[in-house]
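# Observations on the three-dimensional arrangement
Here is how the chains run, residue by residue.
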Amino acid sequence: MERLSSLARFKASCPFLGRTQSTTLRSLCTSSSPRFPSLSKLTETATQCPIMGPALAMRSTQMVAGYASVAGQADVQKIHHSKGIFPGTVLSDADIAKCPHASAARAAARMAEDLAAASTPVEAAKAAAVGCPFHQKASANSSTVAPAKEEAAAEDTPGAFSYGQFYNTELDKKHKDQSYRYFNNINRLAAKFPVAHTANVKDEVEVWCANDYLGMGNNPVVLETMHRALDKYGAGAGGTRNIAGNGAMHLALEKELATLHRKPAALVFSSCYVANDATLSTLGSKLPGCVFFSDSSNHASMIQGIRHSGAKKVIFKHNDLEDLEQKLKMWPLDTPKVIAFESVYSMCGSIGPIKEICDLAKKYGALTFLDEVHAVGLYGPRGAGVAEHLDYEAHRAAGQNPEPVRDSIMDRVDIITGTLGKAYGTVGGYIAGSHNFVDMIRSYAPGFIFTTSLPPATVAGARASVIYQKHHVGDRALKQVNVRTVKARLASLDIPVVPGPSHIIPVLVGDAGLAKQASDKLLMEHGIYVQSINYPTVPVGEERLRVTVTPRHTAEQMDGLVAALDKTFMDLSINRLSDWVKLGGRAGVGIGKENEVEPIWSDMQIKEAGAPRTLKNGEQAYVNSDAVSTVRDSFMELLGPIMNVQDDKIDGKVESALVDGALKLASGAMHKVTYAPERVEVPVAPMVAVSA
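Residues numbered from 1 in each chain as written. Predicted model: local features only at pLDDT ≥ 70, side-chain atom pairs only at ≥ 80, totals over all residues. Heavy atoms only, no water.

Counting secondary structure elements, the chain contains 31 helices and 14 strands. Taking all 692 residues of the chain together, the buried fraction comes to 48%. Residue pairs at least 24 apart in sequence account for 70% of intrachain contacts in the chain once pairs closer than 6 positions are excluded. If you sum the accessible surface of the chain, you get close to 33600 Å²; carbon and sulfur atoms cover 57% of it. (Helix = DSSP H or I, 4+ residues; strand = E, 2+ residues; numbered from the N terminus. Buried < 20%, exposed > 50% of the residue type's maximum accessible area, 1.4 Å probe, protein only. Contact = heavy atoms within 4.5 Å. Areas by Shrake-Rupley, 256 points an atom, 1.4 Å probe, with all protein chains shown as cover.)

Have a look at this one:
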């Protein structure tokens, strides 16, 4: 930040600084150059400046020479010996690290080389420290590390295409239209969810945009199962599903997912992006004359899969049944058709009209392809998604029966895709459908056939998560309670939220630059991480902050989020809901529909789930002991019973008492001495908190 403040003073005199936004400068200051690791991206750019380039080279030479002139050979040796450092003729990097002076000299030498490579050759490296054996080694080491030059071969060929210039031009386009993506260093802490540390392990922030919707990424029985599977089966799968990577864990997970959706079969992929891409591209390329009907708000994975199929594509307006039907009418009944759509659209929070689309599919002879990525684990009595939730009572009555609920909406959907990397807290994607459909995709899809299988421990954790959520509705009900609370609080402060019936809370900003500034301000000033969302994920002018609330966020944390958003909107003069009303509305905000949207979870459904209460700071998250037991029982065949360390200690004490007692009894028999057996204290296992 100090460097950024210094740069601000020169904005008026430097054309580059003057036309570059502060947010971009901040990113350039804090990001390392991929070609010259010792330099920031800003410094690399500055080497091309006719003013700053020579100045940087001169200063670099001064720094390197300065380290060399501090002391002569004998003086430096005395300093080292006085500190207990006795370097020999061969010095390691560890030796150099012992000396702050030598370490700095090495860093300066490396920076000098990078500056030279980034601009024009300089003699800085020749000024490398002499006299000190540490310096000599540091200089030698740095000179052997050549900076990476990705396009060296082509750039050195006269008349060849300039790949480097092409890359720079493409990146400049992203910066100019403010669609460049920034990647924050966020490391979620298992023991402190939803807290994470940044690049500095001591700098902790609250995460308010993760897709680990239920906190299952650190659920104790999920972690326990993964540890057990890791110990038994090792780190990797060993190959593709067809070559050594098709294990019992994978097959069990696929069976679990098939029963979740009450479908005959399921197939697991490395991610749901891959699942959608591979399935749609294979389906479209195999169905003769296939035509896809794709919702205009579909995810990039679906768009890419349809494109890769080479089939015809017809786009219908988002959730517009009339537009869809008009376009279906244009094709003969015997033409193979696939309607591809989502249940929950993750950037706006809207929900697809699944029943009505199934009606149109039947009428016009089409297959239905439903992406439930942002719904599985979160909706329905067993967490199977929105299609299950729409027939909530029927599916609850059916319990864990794997057979389909006839004529239910989920039964009518032909193909369902989902993820294991969001509400289930692990990684992977899958499809579910008929036996023959799944077998065809398994047999033809390159995205499944030619990739390494997911690790057994990951697959075990995913299955544990699915089983747990099948048997515990409390987490998803509490999530809905917290979502309602935050939405109501934001509405009371005139903060614009795109209306929707789902768990997504899209806070409208309406400008890419402002959205990035708001995200940065929340992170740096309030310790709250909410990623800004811009084009092409959302249309230009509809940029937003996408907030996700979990059942693990506390009441106090929600208070802090709402207050921080309010202050950020005020400080940056971002449009409030009332401002969008005056402007005629945007992205569904400010057009009078805020109070017309009913949440998909009803009050009665939440009440029947036990009306869970929002946590307060210091309270432990609920863990359902019955669901934990079900998970453990499900893995009994593959992983065996839980071997409690405490139980082992008890067994050891009992055996010790048995042997000691036997010896004493034997001795007593010889000496006619009576023995009283030692009392063994058996510790009681701790209770597991249970929510309704």
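Next comes the rest of the description.
Here we come to the nonpolar core. Among the nonpolar cores identified, the biggest contains 80 residues, and Leu257, Ile339 and Ile354 are the most heavily contacted of them. Residue contributions to this core reach at least three from each of two domains, namely domain 2 (187–215 + 474–603) and domain 3 (240–454). The next biggest cluster of nonpolar side chains, apart from the first, holds 25 residues, and it includes Ile505, Val530, Leu565 and Leu572. (Core = buried A, V, L, I, M, F, W, Y, C linked by side-chain atoms within 4.5 Å. Domains from an automatic or database assignment.)

Within the structure shown, the criterion is met by 24 salt bridges. Put simply, Arg396 and Glu608 hold a salt bridge, and the shortest N to O gap is 2.9 Å. With Arg396 in helix H19 (residues 392–398) and Glu608 in helix H28 (residues 603–608), this pair connects stretches of sequence that are 212 residues apart. The residue Glu525 makes a salt bridge to Lys521 at a minimum N-O spacing of 3.0 Å. (Salt bridge = Lys/Arg side-chain N within 4 Å of Asp/Glu carboxyl O.)

Attention now moves to helix H14 (residues 272–286). For H14, with 15 residues, the first-to-last C-alpha span of 21 Å sits near the 21 Å given by 1.5 Å per residue. Extensive coverage of H14 is indicated by the burial of eleven of its 15 residues. Listed as buried for H14 are Cys272, Ala275, Asn276, Asp277, Ala278, Thr279, Leu280, Ser281, Thr282, Leu283 and Gly284. A distance of 3.4 Å separates the backbone nitrogen of Tyr273 from a side-chain oxygen at the start of H14, and that oxygen is part of Ser271. (Expected span 1.5 Å × (residues − 1). Polar contact = N/O pair within 3.5 Å; in protein donor to acceptor, adjacent residues only side chain to side chain.)

Strand order in this open sheet of three strands is E11-E14-E13, and the pairing throughout is antiparallel. On the outer flanks of this sheet lie strand E11 (505–508) and strand E13 (532–533), each paired with one strand and no other. In the sheet, E13 pairs with strand E14 (residues 544–547) via two bridges, with the strands oriented antiparallel. Looking at the pairing, Ser532 lines up with Leu545 of E14. Sitting on the sheet, helix H25 (residues 512–526) touches E13 and E14, and the angle it makes with E14 is about 45°. (Pairing = 2+ DSSP bridges. Axes fitted to C-alpha atoms, helices over the stretch in contact; angles between N-to-C directions.)

What follows concerns unusual backbone geometry. Note that the residue after Phe193, namely Pro194, is joined by a cis bond; omega there is 10°. Take Pro194: it is sitting in the loop between strand E1 (187–188) and strand E2 (195–197). Residues Tyr535 and Pro536 are joined by a peptide bond in cis, for which omega reads 10°. Looking at the element boundaries, Pro536 is found in the loop between E13 and E14. One non-glycine residue, Asp494, lies in the positive phi region at around 65°. Relative to the elements of secondary structure, Asp494 occurs in the loop between helix H24 (474–492) and E11. Under the relative-accessibility criterion, Asp494 is labelled partly exposed at 24%.

We now examine the sheet that holds strand E5 (residues 291–295). Each strand in a sheet pairs with its neighbour through backbone hydrogen bonds, running either in the same direction (parallel) or in the opposite one (antiparallel). Taken in spatial order, the seven strands make up an open sheet running E4-E10-E9-E8-E7-E5-E6, and their pairing is mixed. Strand pairing shows two members of the sheet lacking a second neighbour, strand E4 (265–269) and strand E6 (312–316), which therefore form its edges. The mean inter-strand angle of the sheet, taken between neighbouring strand axes irrespective of direction, is 20°. Pairing analysis gives five bridges linking E4 to strand E10 (residues 429–433), with the strands arranged antiparallel. Across the sheet, residue Leu267 finds its bridge partner in E10, namely Ile431. Where helix H15 (residues 300–309) meets the sheet, its contacts fall on E5, E6, strand E7 (337–342) and strand E8 (366–371), and the angle it forms with E7 comes to roughly 160°. In the packing of helix H21 (residues 435–444) onto the sheet, the strands contacted are E4, strand E9 (415–419) and E10, and the crossing angle to E4 comes to about 25°.

When you line up the elements, Ile495 lands in the loop between H24 and E11. Spatially, the C-alpha atom of Ile495 lies 5.2 Å from that of Arg576, the residues being 81 residues apart in sequence. Those residues within four positions of Ile495 in sequence are excluded, and the remaining contacts are Leu490, Val507, Leu565, Asp566, Phe569 and Arg576.

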